[in-house]
Amino acid sequence: MRNYDKIAFFYEYLMSHVNYSYWVSYIGKILKYYNFSPDGLNVLECACGTSSFLELWKKKYKGDYIGIDLSYQMLQQGIKRCSSLVQADMKTLPFKAHFNLILSLFDSVNYLMTYEELLSFLNCTNSVLEKNGLLIFDVTTVYNSLTHFRQNCYFDHYGDTAFEHKVYFDSDNNIQCNDFKYVYKGKSVVEKHRQKVYEYDELIGLINQTDFRLLGAYKNFTLKDVDNNTERIHFVLKK
Ligand SMILES: C[S@@+](CC[C@H](N)C(=O)[O-])C[C@H]1O[C@@H](n2cnc3c(N)ncnc32)[C@H](O)[C@@H]1O
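Residues numbered from 1 in each chain as written. Predicted model: local features only at pLDDT ≥ 70, side-chain atom pairs only at ≥ 80, totals over all residues.

### Things to note about the domain arrangement of the protein
- You can read the domains of the protein as domain 1 (7-140 + 199-238) and domain 2 (143-196).
- Using only C-alpha atoms to locate each centre, domain 1 and domain 2 end up separated by 24 Å.
- Counting residues at the interface gives 14 residues for domain 1, matched by 11 residues for domain 2.
- Across the side of domain 1 that touches domain 2, the residue classes break down as 6 nonpolar, 5 polar and 3 charged. (Domains from an automatic or database assignment. Contact = placed C-beta atoms within 7 Å. Nonpolar A, V, L, I, M, F, W, Y, C, P; charged D, E, K, R; others polar.)

### Some words on the sheet that holds strand β11 (residues 232-238)
- Read across the sheet, 7 strands follow the order β3-β2-β1-β4-β5-β11-β10 without closing on themselves; strand pairing throughout is mixed. Because the sheet does not close on itself, it has two edges, and the strands there are β3 (85-87) and β10 (213-219). Ignoring which end each strand starts from, the neighbouring axes of this sheet average 15° apart.
- Note that strand β5 (residues 129-140) and β11 share 7 bridges and pair antiparallel. Bridging across to β11, Phe137 finds its partner in Phe235.
- Against the sheet, helix α3 (residues 52-60) contacts β1 (41-46) and β2 (63-69), and its axis sits at roughly 180° relative to β2. (Pairing = 2+ DSSP bridges. Helix = DSSP H or I, 4+ residues; strand = E, 2+ residues; numbered from the N terminus. Axes fitted to C-alpha atoms, helices over the stretch in contact; angles between N-to-C directions.)

### Side note on the site of the ligand
- Around the ligand there are 20 residues in total, and Ala47, Gly49, Leu70, Ser71 and Phe106 lie nearest to it.
- Class assignment of the residues belonging to the shell around the ligand gives a composition of 12 nonpolar, 4 polar and 4 charged. (Near = placed C-beta within 6 Å.)

### So, the nonpolar core
- Ile27, Val43, Ile102, Leu103, Leu135 and Ile136 are the most contacted members of the largest nonpolar core, which has 56 residues in total.
- Of the residues that make up this core, three or more belong to each of domain 1 (7-140 + 199-238) and domain 2 (143-196).
- In this view, Ile136 contacts Ile27, Ile30, Leu103, His234, Phe235 and Val236; residues no more than four positions away in its chain are not counted. (Core = buried A, V, L, I, M, F, W, Y, C linked by C-beta atoms within 7 Å. Buried ≥ 20, exposed ≤ 12 C-beta atoms within 10 Å, placed from the backbone.)

Structure representation (structure tokens):
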């Protein structure tokens, strides 16, 4: 079973605290900061999940959009919001089309566990961007894992499904672990999520190996520089 195969059914419940409309405004703010109009763009969202972001983006801004995700079940949940969804891997994008803006949000890039995977993502997004197009993605930080996700266990239920969510951080390898165990009609299923939490300097080193130019890296949801207390970094790269 793939990551998100089961969690897809209650992903939106688990993420009900996330303010996607604020995220849409924040990406719009970054674009305006770089003199890009958020309207009229050809947008690709990589790892769009259940399309919560794309739904709000297309309500706010004109333009074309496509979402891709590795998980068929996540896309199935998202199809009610967004019709342009494709099951694909963000390391090997199946497009000839060229986009003006590529996004990958909510620490989806942290699912790329090795330098090779991250470089594949950067190189293939570069190849489907128009010249001067932007790639914006976010990652979580070691500070975030140590502060909020060092070790914890939650119990909850959604409809008939009871679940246990164990969170822990492997600080030797900088891997954030989320283990979900579900019990539904007496059967239990376990989904183990692993996300690599890269250091800022590692990411800069990798970006420097690509044809992208780094425009900025921003703390949390601001336009401030990254510092030691940053929980999430949004990177803005230009082709
Ligand atoms: C934390 S969720 C974020 C989903 C969505 N961006 C959101 O904001 O709700 C991470 C998503 O990344 C997707 N994902 C992980 N690795 C992927 C890959 N190599 N290519 C495409 N999607 C991937 C998962 O299937 C999942 O939907």
